[in-house]
Structures are given as structure tokens and as C-alpha cells.
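The lines below spell out each chain.
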Amino acid sequence: MKNRIINVQDVAISISKQELDDYICITDIAKAKSDSARAADVVRSWLRNRGTLEYLSVWEQIYNPQFKVFESEHFKKQVGLLTFTPSISEWINKTNAIGLYVKRGKYGGTYAHKDIAFEFASAISPVFKLYLIKEFQRLKEAVLLYTRVLSRNSAIFT
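Okay, so let's go over this structure.

**As for the pairing of strand β1 (residues 4-8)**
As defined by bridge partners, β1 adjoins strand β2 (residues 11-18) across five bridges and the pair is classed as antiparallel. Among the inter-strand pairings, Ile-6 is bridged to a residue of β2, identified as Ile-13. Hairpin connection from β1 to β2: two residues lie between these consecutive antiparallel strands, with Gln-9 at a positive phi of about 50 degrees.

Right under this line is the structure:
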């Protein structure tokens with residue numbers, strides 16, 4: 001499915017549908033704090049935070065029966081070390097995480113389940129997070145309305 005774009009405080013943010021859940025590009029969200037070239041660094045710095053790793057670990061334990069808890073503990077033990085520079089791909093591969101994924105290429109970036117993306121937005125700016133939630137809800141309502149109109153039209157013509 002093609003990505004949808006919402007505009008939050010003049011920042012274009014991609015939303016992708018994966019199976020039944022929406023994933024929001026946190027690389028796009030990071031552009032609200034930093035320029036495009038440094039957005040990936042903002043995401044990487046966020047992953048180095050103990051609170052982030054705790055949140056991701058609990059989220060995965062709730063929603064992902066295949067999550068490797070022991071491996072996530074290894075990440076948490078390294079927080080604070082100067083040599084601790086984890087990548088999103090490393091987190092995904094070592095823990096079998098499903099809450100994040102990396103899309104490569106020209107229009108790529110790091111995508112996070114909406115729950116995680118909203119948490120990431122809090123780290124960028126609480127105000128930005130509120131506007132993100134508002135625009136995301138507006139998009140979901142527009143999609144729902146469109147679906148209802150299509151189903152009514154389909155019923156008329158059948």
C-alpha cells in the first residue's frame with residue numbers, strides 16, 4: 001500500500017500500513033528537531049536512552065510473543081557507555097522486534113508503530129506530539145469516511 005502523508009507544523013510525515021497497524025516515519029518526525037541530514041542521528045540518539053529501551057522492551061513484550069527479552073537486557077546494560085551506539089537495524093535483528101522497521105532507499109527511513117512513534121514525538125516536543133496525534137486522527141477519520149462512502153456507493157450499484 002502506498003504511504004500516506006500528513007503535514008504537522010510544516011513537516012511532511014509518512015504513514016505506512018503494515019498488516020493491520022499503522023507505522024509512522026520517525027525519521028520524518030526527527031526533521032522537526034533537526035535538518036534532514038541529521039534526522040537519522042536524532043533517531044539513533046533516542047535509541048541510546050534507557051527510558052526508550054525500557055519502553056520498547058515493554059511494548060514488544062506486550063505485542064510480540066517472539067521478542068527476545070534477554071537480548072533487550074543486553075542493550076539496556078550498555079546504556080551510558082561511550083561505545084554504546086546501537087542502530088535500529090541492530091535492535092530489530094538481535095531482539096526480533098516488530099515495533100520498528102527500516103525502509104531503505106530514496107524515500108526510506110525508520111518507521112515505528114504508532115504507539116512508539118507518539119512516544120518518540122514526545123522526545124522531540126510535547127507540542128509537536130499533540131499536533132501529530134491530531135493530524136493522525138484527522139487522517140484516520142478521513143479514511144473511515146471514504147470507506148463508508150465507497151461501501152454505500154457499492155450497495156447502490158449492486
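**Describing helix α5 (residues 88-95)**
Every buried residue of α5 is accounted for by Ile-88, Ser-89, Trp-91, Ile-92 and Thr-95. In an axial view of α5, the angular spread of the buried residues amounts to 165 degrees, which keeps them on one side of the axis. Of the surrounding secondary structure, the elements contacted by the buried residues of α5 are α2 (39-47), α3 (50-63), α4 (69-77), β4 (100-103) and β5 (109-113).

**What about a nonpolar patch on the surface?**
Taken together, the side chains of Val-58, Ile-62, Tyr-63 and Ile-98 define a hydrophobic patch exposed on the protein surface, amounting to about 390 Å² of accessible area. Position of Ile-98 relative to the elements: it lies in the loop between α5 and β4. Given the relative accessible area of 39%, Ile-98 is considered partly exposed.

**A look at the pattern of salt bridges**
With the rule as written, the count across this model stands at eight salt bridges. Notably, a salt bridge pairs Asp-28 with Lys-31, separated by 3.3 Å at the nearest N-O pair. Its relative accessible area of 7% is what places Asp-28 among the buried residues. Residue classification places Lys-31 among the partly exposed positions, given a relative accessible area of 32%. Ionic pairing is found between Lys-76 and Glu-73, a salt bridge with its closest N-O pair at 3.0 Å. Of this pair, Lys-76 and Glu-73 both sit in helix α4, three residues apart, which is roughly one turn of that helix. Residues joined by salt bridges that share partners form a network here, namely Lys-17, Asp-22 and Lys-140.

**Some details on the sheet that holds β4**
Each strand in a sheet pairs with another by means of backbone hydrogen bonds, the pair being arranged parallel or else antiparallel. Overall, antiparallel pairing links the five strands, which are arranged β1-β2-β3-β5-β4 in an open sheet. Edge positions in the sheet fall to β1 and β4, since each has one partner strand and no second. Within this sheet the neighbouring strands show an average axis-to-axis angle of 30 degrees, counted without direction. As defined by bridge partners, strand β3 (residues 21-25) adjoins β5 across three bridges and the pair is classed as antiparallel. Considered in β5, the bridge of Cys-25 is made with Tyr-111.

Conventions and cut-offs
- Residues numbered from 1 in each chain as written.
- Predicted model: local features only at pLDDT ≥ 70, side-chain atom pairs only at ≥ 80, totals over all residues.
- Heavy atoms only, no water.
- Pairing = 2+ DSSP bridges.
- Helix = DSSP H or I, 4+ residues; strand = E, 2+ residues; numbered from the N terminus.
- Buried < 20%, exposed > 50% of the residue type's maximum accessible area, 1.4 Å probe, protein only.
- Arc of directions from axis to C-beta.
- Contact = heavy atoms within 4.5 Å.
- Patch = residues over 30% accessible without salt bridge, like charges linked within 9 Å, V, L, I, M, F, W, Y side chains within 5 Å.
- Areas by Shrake-Rupley, 256 points an atom, 1.4 Å probe, with all protein chains shown as cover.
- Salt bridge = Lys/Arg side-chain N within 4 Å of Asp/Glu carboxyl O.
- Axes fitted to C-alpha atoms, helices over the stretch in contact; angles between N-to-C directions.

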